[in-house]
2 protein chains.
Amino acid sequence: MSASFILTEIRAATMKPGDGSYGLIEDAAIVIGDGLIQWVGPRQDLPTRYANAARKPQNGGLATPALIDCHTHIVHGGNRAREFEMRLNGASYEKIARAGGGIVSTVSATRLQTEEMLLEQALRRADALIAEGVSTIEVKSGYGLDIETELKMLRVARSIERQRPVTIRTSFLGAHAVPEGYEADRYIDDVCLPALNAAHAEGLVDAVDGFCEGIAFDTSQIARVFDRARSLGLPVKLHAEQLSNIGGTALAAKYGALSADHVEYATDTDAAALAASGTVAVVLPGAFYTIHETNLPPIQAFRDHDVPIAVATDWNPGSSPLGSLLLAMNMACTLFRLTPAEALAGTTRNAARALGLEDRGTIAPGLRADLAIWDVSEPSELSYRIGQNPLTGHYFGGVRCN
Amino acid sequence: MSASFILTEIRAATMKPGDGSYGLIEDAAIVIGDGLIQWVGPRQDLPTRYANAARKPQNGGLATPALIDCHTHIVHGGNRAREFEMRLNGASYEKIARAGGGIVSTVSATRLQTEEMLLEQALRRADALIAEGVSTIEVKSGYGLDIETELKMLRVARSIERQRPVTIRTSFLGAHAVPEGYEADRYIDDVCLPALNAAHAEGLVDAVDGFCEGIAFDTSQIARVFDRARSLGLPVKLHAEQLSNIGGTALAAKYGALSADHVEYATDTDAAALAASGTVAVVLPGAFYTIHETNLPPIQAFRDHDVPIAVATDWNPGSSPLGSLLLAMNMACTLFRLTPAEALAGTTRNAARALGLEDRGTIAPGLRADLAIWDVSEPSELSYRIGQNPLTGHYFGGVRCN
């Protein structure tokens, strides 16, 4: 039992569901002990049993649950700046592909690099997120597309949390793209499913993901991956309806997925299905912005059906080289017209749910003491500001890490 | 005379005009002495007279000219997060105005605050830019709209450079908005021109700016301000063609303005006029993004007529709460389809020109040793990355400041 301490001179956006849009408490007290939140409420209501606990005044800062980036690809080799530049200089996708661009270049770089090299780069990316008050990061495989490299990516992802104050949740994304020389079904049989078995046997998989799209895998191929996940007792999630509607969202709902991600082309019917299955819709405005997508995700349908909406960076080297979750929140408001309260719920409470985590995402007794403290006048400022970082304090499991 | 030293193990994007898109030198040496760049070139060509100078190896980093943010409003009171939130919750502009929102709220906050309070906030904003390798920041007045507060804002702007390693260039923007209780012409006569005289007499004005728009001042009103600037020997610049085309760009060209800024609604004819007057077109993608503008500035016309293009944050609390010049570069590429080389020229060489500064903006002998050093594999990465800051070193007048 570590001694309890109390954060004072603090406001708290608890993000408690049903407690107003932010669950805001002015002049709050937050009692932390044993890595958990022991008590939170108005300071004047602080129970006398905490009278002797140490006070840590926070200068009027705003506490929120630490942020959660529930969709990233931060383990990968290289970058695609050259391809970005070629495209802006007028090169066609075909020309870029001939020059070795596209996902193939990331797969090649990721296969070539050692675990140490991949980890060094992934740590820098994790550090950028942690510096913004992020305490939980989901990390996907999917740039290996061979058994060995898929496992290597997941091992690197697991290593991040041994070196940094952060929780990593891994998603196996063997069904990310069809590698050259393969036909999709044979790739699923010969590489993806065996890789999933091997990764699971090593304890490397927290969830199973896929990319359901015309340029990747169809619903029947994804269903085979999901069936394997089910037989291994693993939850699923899916990149669905990003570029077109081919039924991925409905499939995700059918399998009770934790989340359906992107969902620009999802329909009202899809939203109803997600609601029925308790699946979170994860919106990824960084990719929308980068690829000049114009079809907006059906935010109002998600609201109408009470589908929880999460917001993430989708940090990846191709369609979303976005290294800021705060900026993803601003983009979600500016591009998708989420309210600032929805954006903050999307990187806290609903992001936790998208990862199947019940021990974090709001400030409430019994939950992990993962907290971010901000120099802002009100919670909406976190989404209003663009490219700024007002973090002044950060607790991970009750331990100050910033 | 301070002793010279040499940056080695470095690549240099000199941004020298006509020297290739980035003027890139692999394995470069940069000799710095007396606050200036003494020599730059391939390391193997280093003259023997520098044989004994100290070496400062830079670990393979990429040197660029320090960045220049040539259009900001970083001196202001308060923020407009609440208005941002109200709008996303469906409030009309009228309702927001009735609740005290809009530019009026910033004017009120700026009038109320002391110089010390305004400076404290401005320094934090300057620090965010400096942390991204910015060494020169333009700062405008324009949230006073009375003589006293316009001068206060400019004094605060000047104070920034006494406290931080940065050059500040001030622009008098008395003609920013028509304050309540005034008619535009009377405001120009009774407030704007007297404030300009007084600010100039105090040495507070480096250039004179205006907002030429249906909701602000027309060309004849701006012309009167520009005439006064001319009689005081001050250069001019203009917010022109942001929301409509009412002739601001042509007016700016007629007065030989340093820059015409925003210019979403400028035409091919306007571009030809800017070219003839040697005026820089400053594009401000943060405002375009925030206000959901859809009319793109005529980038191809600027290219065709050889109009220099600069890129800036337009950091202001209403239409562009954007605190990252690197993000402005990414937005210029993603939203306006500038090439990464154009974006970097836009925050170095052309930004210097937009401020009338001939002593900076490229890496060349005789210029100020204002340099940024980045952990990137190629210059395009600076624009490709979103919401990330790869700065590893920063020299201001030859002195390391990061």
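Check the entry above for the structure.
Right, let's walk through the structure included here. Given the structure is predicted, the values throughout are model-derived calculations rather than measurements.

A few words now on the sheet that holds strand β1 (residues 5-13) of chain A. Residue and element names in this part refer to chain A. With mixed pairing, the seven strands of this open sheet are ordered in space as β3-β2-β1-β4-β13-β14-β15. If you trace the sheet from one side to the other, it starts and ends with β3 (36-42) and β15 (399-400), each paired once. Across six bridges, β1 lies against strand β2 (residues 24-33) in antiparallel orientation. If you follow isoleucine 10 over to β2, its bridge partner there is alanine 28.

What follows concerns the nonpolar core. The biggest cluster of nonpolar side chains holds 206 residues, and the ones touching the most others in it are Ile160(A) and Ile160(B). In contact with Ile160(B), other than residues within four places in its own chain, are Ile74(B), Val75(B), Leu119(B), Ala122(B), Leu123(B), Ala126(B), Val166(B) and Ile168(B).

Residue and element names in this part refer to chain A. Scanning the model with the defined rule gives twelve aromatic pairs over all chains in all. Ring plane angle 80 degrees and centroid distance 4.9 Å describe the contact between phenylalanine 288 and phenylalanine 336, whose orientation is recorded as edge-to-face. Of this pair, phenylalanine 288 sits in helix α10 (residues 285-290) while phenylalanine 336 sits in helix α12 (residues 325-336); the two residues are 48 residues apart in sequence, bridging distant segments of the chain. Here phenylalanine 288 matches phenylalanine 336 in class, with each residue buried. Through successive ring pairs, a cluster of aromatic residues spans Tyr182, Tyr187 and Phe217.

In this section: helix α3 (residues 103-112) of chain B. Residue and element names in this part refer to chain B. Looking at α3, one finds that the buried residues are Thr106, Val107, Ala109 and Thr110. Projected down its long axis, α3 carries its buried residues within an arc of 165 degrees, all on one side. Each element contacted by the buried residues of α3 is listed here: α4 (115-130) and α5 (147-163).

Attention shifts here to the environment of Asn316(B). All names here are of chain B. Summarising the element assignment, asparagine 316 is placed in the loop between β12 (309-311) and α12 (325-336). Once the C-alpha coordinates of asparagine 316 and glycine 387 are considered, the two residues, 71 residues apart in sequence, prove to be 18 Å apart. Here glycine 318 takes part through its backbone nitrogen, which lies 2.7 Å from a polar atom of the side chain of asparagine 316.

Scanning the model with the defined rule gives 44 salt bridges over all chains in all. When the shortest N-O distance is used, the salt bridge between Asp127(A) and Arg164(A) registers 2.6 Å. Of the two residues, Asp127(A) sits in helix α4 (residues 115-130) while Arg164(A) sits in the loop between α5 (147-163) and β7 (167-175), which places them 37 residues apart along the sequence. Between Asp209(B) and Lys140(B) there is a salt bridge, and its shortest N-O distance comes to 2.7 Å. One end of the pair, Asp209(B), is in strand β8 (residues 207-212); the other, Lys140(B), is in strand β6 (residues 134-140), and 69 residues separate them in sequence. Asp209(B) gets classed as buried once you look at its relative accessible area, which sits at 1%.

All names here are of chain A. Between helix α6 (residues 184-201) and helix α7 (residues 219-232), the least distance of the axes is 10 Å, while the angle of their chain directions is 20 degrees. Considering their axes alone, α6 and α7 lie roughly parallel with respect to each other. Note on packing geometry: the crossing formed by α6 with α7 is right-handed. Residues Ala184, Asp185, Ile188, Asp189, Cys192, Leu193, Leu196, Asn197 and His200 of α6 form the contact with α7, whose own contacting residues are Gln221, Arg224, Val225, Arg228, Ala229 and Leu232. Per-class residue counts for the contact of α6 with α7 are eight nonpolar, three polar and four charged.

Conventions and cut-offs
- Along each chain, the written sequence defines residue order, and numbers are assigned to residues from 1.
- Lettering of chains starts at A and numbering of ligands starts at 1, both following the order in which they are written.
- For a predicted model such as this one, the threshold for reporting local features is a pLDDT of at least 70, and the threshold for listing and counting side-chain atom pairs is 80 or more; totals across whole chains, interfaces and linings nevertheless cover every residue.
- For side-chain calculations, the full set of non-hydrogen atoms in the structure is used, while hydrogens and water are omitted.
- When DSSP finds at least two bridges between two strands, those strands are taken to pair.
- Secondary structure elements are defined from DSSP: runs of H or I of at least 4 residues count as helices, runs of E of at least 2 residues count as strands, and each element is numbered from the N terminus.
- Definition used in this section: a nonpolar core is a set of buried Ala, Val, Leu, Ile, Met, Phe, Trp, Tyr and Cys residues joined via side-chain atoms within 4.5 Å.
- Categorising residues by exposure relies on relative accessible area from a 1.4 Å probe, with only protein chains included: less than 20% of the type maximum marks a residue as buried, more than 50% marks it as exposed, and the intermediate range marks it as partly exposed.
- Should any heavy atoms of two residues lie within 4.5 Å, those residues are counted as being in contact.
- Centres within 6.5 Å make a pair out of two Phe, Tyr or Trp rings, where for Trp the six-membered ring is used; the pair is then stacked when the planes are under 30 degrees apart, edge-to-face when over 60, and tilted otherwise.
- The arc in question is traced by the directions running from the helix axis to the C-beta atoms.
- The definition of a polar contact used here is a pair of N or O atoms within 3.5 Å, where within protein one atom must be able to donate a hydrogen and the other to accept one, and adjacent residues in sequence count solely through side-chain atom pairs.
- Just to be clear on terms, a salt bridge is a Lys or Arg side-chain nitrogen sitting within 4 Å of an Asp or Glu carboxyl oxygen.
- For helices, the fitted line uses only the C-alpha atoms of the stretch in contact; every axis is such a line through C-alpha atoms, and the angle between N-to-C directions lies from 0 to 180 degrees.
- Throughout this description, any angle smaller than 35 degrees is read as roughly parallel, any larger than 145 degrees as roughly antiparallel, any in the 65 to 115 degree range as roughly perpendicular, and the remainder as oblique.
- For any helix crossing, the convention is left-handed if the near helix is rotated counterclockwise from the far helix by under a right angle, and right-handed if that rotation is clockwise.
- Three classes are used, and their members are as follows: Ala, Val, Leu, Ile, Met, Phe, Trp, Tyr, Cys and Pro are nonpolar, Asp, Glu, Lys and Arg are charged, and the others, Gly among them, are polar.

Don't take any of this as a statement about function, it's just geometry.
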